[in-house]
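So you can see what is in the structure, the chains are spelled out below.
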Amino acid sequence: MSREVADAGLRPSPFAVSEAEGVGLHRFALFTTACTAFLIFVGGLVTSTESGLSVPDWPTTYGWNMFTFPLSKWVGGIFYEHTHRILASFVGFLTIVLTVWTYFGEKRVWMRWLSAAALSTVILQGVLGGMTVLFLLPSPISTLHACLAQAFFCLVIAIAVFTSPRWKRGVPFTGSYNETSSVPALCAATTAAVYVELILGALMRHTAAGLAIPDFPLALGHIIPPFTSNKVIIHFAHRVGAVVVTTMIVWTFVRVARSYSRHFLLFRPALTMMALLGIQLVLGATTVWSAKSTIPTTAHVLTGALLLGTAFLLTLRSYAMLTRKPGNCRGAL
Amino acid sequence: MYKRSLTVCACLLVVALVAGCGGGSNETNVPPAPGGGAAAGGATFDMSKANATVSGKISFEGTPPPNDKIQMSADPYCAQRAAQNPTTETVKVSDGGLENVIIFVSSGLAAGAAYATPAAIEINQENCHYIPHVFTMMTNQPLKVKNSDMTLHNIHAWAEKNPQFNVGQPVKDMVSETKFAKPEVPLPVRCDVHKWMGAFIGVFDHPFHTVSKSGGSFELKVPPGNYEITAWHEKFGTKTMMVQVGDNDKKEVNFSFSANDKGTAD
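Quick notes on the rules
- Residues numbered from 1 in each chain as written.
- Chains lettered and ligands numbered in written order.
- Predicted model: local features only at pLDDT ≥ 70, side-chain atom pairs only at ≥ 80, totals over all residues.
- Helix = DSSP H or I, 4+ residues; strand = E, 2+ residues; numbered from the N terminus.
- Buried ≥ 20, exposed ≤ 12 C-beta atoms within 10 Å, placed from the backbone.
- Contact = placed C-beta atoms within 7 Å.
- Domains from an automatic or database assignment.
- Axes fitted to C-alpha atoms, helices over the stretch in contact; angles between N-to-C directions.
- Parallel < 35°, antiparallel > 145°, perpendicular 65-115°, else oblique.
- Left-handed = near helix turned anticlockwise from the far one by under 90°.
- Nonpolar A, V, L, I, M, F, W, Y, C, P; charged D, E, K, R; others polar.
- Core = buried A, V, L, I, M, F, W, Y, C linked by C-beta atoms within 7 Å.
- Expected span 1.5 Å × (residues − 1).
- Pairing = 2+ DSSP bridges.
- pLDDT = per-residue confidence, 0-100.

Here we take up the overall build of chain A. If you tally the helices and strands in chain A, you get 10 helices and zero strands. Of the regular secondary structure in chain A, the N- to C-terminal order runs α-α-α-α-α-α-α-α-α-α. Counting across all 333 residues of chain A, residues that qualify as buried make up 46%. Sequence-distant contacts in chain A: of pairs separated by 6 or more residues, those separated by 24 or more amount to 76%.

Set out below in structure tokens:
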């Protein structure tokens with residue numbers, strides 16, 4: 001019986017494994033998660049540098065098989081777009097391996113379904129990416145492509161969390177048996193708020209509304225700008241969303257810090273979320289002040305993804321640690 | 001079990017690789033050619049009746065704003081030719097006259113007139129620049145897009161009234177041909193590989209249009225009538241004037257732009 005399980009007075013998870021068993025799959029899932037984050041960054045670069053249509057054909061690249069496209073021709077906008085395609089193919093391959101590995105290496109049936117969902121999502125994401133090229137970046141498809149990327153990121157994070165030895169051993173129950181904590185629901189609401197904000201951000205980027213309000217902190221010289229166009233509305237909705245997200249994150253952090261500051265599994269992601277929020281707000285302002293300069297704009301996209309991932313991780317852990325389940329076995333969620 | 005996993009992985013990898021495969025060829029498709037053929041319906045307008053001349057100068061008042069410097073380091077081929085075109089061609093002023101202004105008859109022409117479609121017109125990609133930077137053409141007139149560079153270009157027409165297209169030209173001397181079915185001014189063309197490469201086309205359903213040349217001069221041959229003449233510039237926008245011309249008449253129409261005028265580029 002592991003020390004944590006013993007300390008918490010819990011029965012071991014029926015999926016209890018040795019320290020070594022399953023670590024490979026977990027590490028592979030972590031690697032896939034890291035590659036996905038990098039892929040989101042490169043995808044952001046493609047949009048920031050307006051390179052999305054620098055390779056006009058898909059799945060070929062200027063008629064070449066995309067994997068044999070000569071390195072010497074990776075110039076200008078092609079460099080960003082083709083790198084994104086190659087990296088996306090790599091993440092797709094990693095997801096295939098992850099799915100097969102989970103299918104044969106996991107006893108939990110729902111884990112197999114989860115990895116199958118990740119594989120389906122990455123395939124759909126690839127098709128959407130192709131459609132953005134073939135249909136010349138239509139806003140709805142480009143926005144959907146951006147939003148699905150974030151959903152896929154959460155899926156691989158979930159796989160990484162659920163395959164971790166700590167999770168399998170059984171995350172200790174740290175809640176109260178007498179009352180139901182509202183922290184998990186708050187974390188879930190915060191994650192949802194961040195995701196909605198990312199949708200608004202993607203909509204703003206793919207409708208070219210990023211500078212519809214060119215000043216900050218004021219908006220067209222006012223606190224509430226005159227809504228003269230849809231672009232202004234979308235842009236302002238993103239700013240309002242930022243206020244909501246900031247409130248939710250601060251509220252979540254305060255709740256976690258007040259009650260669970262000694263439980264690093266909860267406190268650490270809550271603290272990370274706060275730090276990322278600070279960075280994200282500065283990057284958002286810099287994006288406007290620099291008239292959508294490539295680096296801050298793309299970093300804003302990446303930090304948004306990391307913020308979503310951290311909020312999602314905190315949500316998973318809070319549900320596991322603060323919600324009472326029959327058998328007290330959190331690892332068997 | 002691991003053998004089985006390995007086999008499944010290998011199969012999926014093969015599927016993924018095949019999905020990413022093309023023909024291995026270095027040729028691209030020709031761009032779409034929307035719309036029909038030559039102007040249809042009724043007798044074709046006799047161009048000898050366009051015997052009146054509207055000419056003039058597009059003046060520029062004040063100091064012309066400097067063009068943006070071009071950073072070509074993203075493509076070594078272009079970077080080697082950067083000295084030939086160090087800046088964009090947005091504002092080109094010579095002898096006080098503004099070049100690259102599209103001048104055209106915007107109203108006053110007989111409705112329903114049919115005009116002969118001229119021969120093909122060409123835009124060339126040379127030294128990582130479009131030549132010409134601004135030009136006019138007629139609807140359904142063939143447009144040949146040539147790549148004279150030893151690097152790849154994509155021709156991306158940002159049309160609003162006509163269908164957009166985006167075609168790659170990876171090979172030197174490759175020529176693609178297209179045409180536009182509907183009038184559109186301006187119809188921007190750009191290369192997404194090389195951000196600085198941009199051109200503007202004026203597409204008309206009549207032949208009474210031109211582009212200002214060195215010194216801002218222009219000349220239009222039109223049939224007798226009362227016309228609205230429009231001048232459009234990519235940075236300074238649009239100006240219009242009325243003119244009335246008779247048989248073999250010659251009228252002067254002068255436009256003036258300044259740095260305070262705003263157009264599509266701002």
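Once that is clear, we can look at the overall build of chain B. Tallying secondary structure elements over chain B gives two helices and 19 strands in all. Of all 266 residues assigned to chain B, the portion counted as buried reaches 38%. Look at the contacts in chain B between residues 6 or more apart in sequence, and 70% of them connect residues 24 or more apart.

Attention now goes to the domain arrangement of chain A. Residues and elements named next belong to chain A. Once the domains are mapped, chain A shows domain 1 (17–169) and domain 2 (175–333). Once you take the C-alpha centre of each, domain 1 and domain 2 turn out to be 22 Å apart. In this assembly, 22 residues from domain 1 lie in contact with 21 residues from domain 2. Looking at the side of domain 1 that touches domain 2, the elements that each hand over two or more residues are α2 (23–48), α5 (139–162) and α6 (165–169). By residue number, the principal contributor to the side of domain 1 that touches domain 2 is α5, which donates 11 residues.

What follows covers the environment of Thr44 of chain B. With respect to the helices and strands, the residue Thr44 of chain B is situated in the loop between α1 (2–19) and β1 (52–61). If we skip the residues at most four places from it in the chain, Thr44 of chain B touches Ala114, Tyr115 and Ala116 of chain B.

Residues and elements named next belong to chain A. Running from amino to carboxyl end, helix α8 (residues 230–260) crosses helix α9 (residues 264–289) at an angle of 155°, the nearest separation of the two axes being 9 Å. Regarding the angle of α8 to α9, the classification is roughly antiparallel. When the axes of α8 and α9 are compared, the crossing they make is left-handed. Residue-level contacts link Ala242, Thr246, Ile249, Thr252, Phe253, Val256, Ala257 and Tyr260 of α8 to Leu266, Phe267, Ala270, Met273, Met274, Leu277 and Gly284 of α9. Across the contact of α8 with α9, the residue classes break down as 12 nonpolar, three polar and no charged.

Moving on to the nonpolar core. Ranked by size, the top nonpolar core spans 68 residues in total, and within it Ala118, Val156, Ile157, Ala158, Ile159, Met273 and Leu308 of chain A carry the most contacts. Those elements giving two or more residues to this core turn out to be α2, α3 (76–105), α4 (109–134), α5, α7 (183–206), α8, α9 and α10 (294–322) of chain A. Counting contributing residues, this core receives three or more from each of domain 1 (17–169) and domain 2 (175–333) of chain A. Sequence-distant contacts of Leu308 of chain A, defined by excluding residues within four places in its chain, comprise Gln150, Cys154, Thr191, Val194, Tyr195 and Leu198 of chain A. In terms of nonpolar packing, the next biggest core, distinct from the first, is built from 64 residues, Val46, Val55 and Met66 of chain A together with Met197 of chain B among them.

This part covers α8 of chain A. All names here are of chain A. The end-to-end C-alpha separation of α8 is 43 Å, in line with the 45 Å expected for 31 residues at 1.5 Å each. For α8, every residue scored as buried is listed here: Ile234, His235, Phe236, His238, Val245, Met248, Ile249, Thr252, Phe253, Val256 and Tyr260. Against α7 and α9 lie the buried residues of α8.

This paragraph deals with the sheet that holds strand β5 (residues 121–126) of chain B. All names here are of chain B. One open sheet accounts for four strands, arranged β6-β5-β8-β11; its pairing is mixed. Here the strands that pair on one side only, and so sit at the sheet edges, are β6 (129–131) and β11 (174–178). Pairs of neighbouring strands in the sheet enclose a mean axial angle of 20°, with direction left out of account.

Here we take up the environment of Lys57 of chain B. Residue and element names in this part refer to chain B. Within the element layout of this structure, Lys57 appears in strand β1. When the C-alpha positions of Lys57 and Gly215 are compared, they lie 7.5 Å apart, and in sequence the two are 158 residues distant. Leave out the neighbours within four places in its chain, and Lys57 touches Gly97, Gly215, Gly216, Ser217 and Asn254.

Residue and element names in this part refer to chain B. In the predicted model, chain B carries a mean pLDDT of 86, and 83% of its residues have values of at least 70. Within chain B, α1 has the poorest average pLDDT of any element, 46, and strand β7 (residues 134–138) the best, 98. Per-residue pLDDT stays below 50 along residues 1–40; that stretch engages in 73 contacts with residues further than four places along the chain or on separate chains. With pTM at 0.84, the complex prediction returns an ipTM value of 0.78.

Residue and element names in this part refer to chain B. Along strand β9 (residues 153–157), five of the five residues are buried, which leaves the element largely enclosed by surrounding structure. Bridge count between β9 and strand β12 (residues 184–190): two bridges; the pairing is antiparallel. Within the sheet, the bridge partner assigned to Ala157 lies in β12 and is Val189.

Looking along the chain, the bond that leaves Trp58 of chain A and enters Pro59 of chain A is cis, with omega of 5°. A cis amide bond, omega 0°, links Ile131 of chain B with the succeeding residue Pro132 of chain B. In this fold, Pro132 of chain B is placed in the loop between β6 and β7. Positive phi outside glycine occurs at Tyr62 of chain A, with the angle close to 50°.

All right, on to the sheet that holds strand β13 (residues 198–204) of chain B then. Residue and element names in this part refer to chain B. Taken together, the five strands give an open sheet; going across it, the order is β7-β13-β12-β9-β10, and neighbouring strands pair in mixed fashion. Of all the strands in the sheet, the pair left with one neighbour each is β7 and β10 (165–169). Taking each pair of neighbouring strands and ignoring which way they run, the sheet shows an average axis angle of 25°. Here β7 pairs with β13 via five bridges, running parallel. Across the sheet, residue Met137 finds its bridge partner in β13, namely Val203.

We now examine the packing of α4 of chain A against α5 of chain A. Residue and element names in this part refer to chain A. Axis separation between α4 and α5 bottoms out at 9 Å; the angle between their running directions is 155°. Judged on the interaxial angle alone, α5 and α4 are roughly antiparallel. Here α4 runs over α5; the crossing is left-handed. Split by residue class, the contact of α4 with α5 holds 19 nonpolar, seven polar and no charged.

So, about the environment of Cys78 of chain B. All names here are of chain B. By secondary structure assignment, the location of Cys78 is in helix α2 (residues 76–79). Put simply, Cys78 and Glu126 are 48 residues apart on the chain and 9.6 Å apart in space, counted from C-alpha to C-alpha. Excluding residues that lie within four positions of it along the chain, Cys78 makes contacts with Met72, Cys128, Thr151 and His194.

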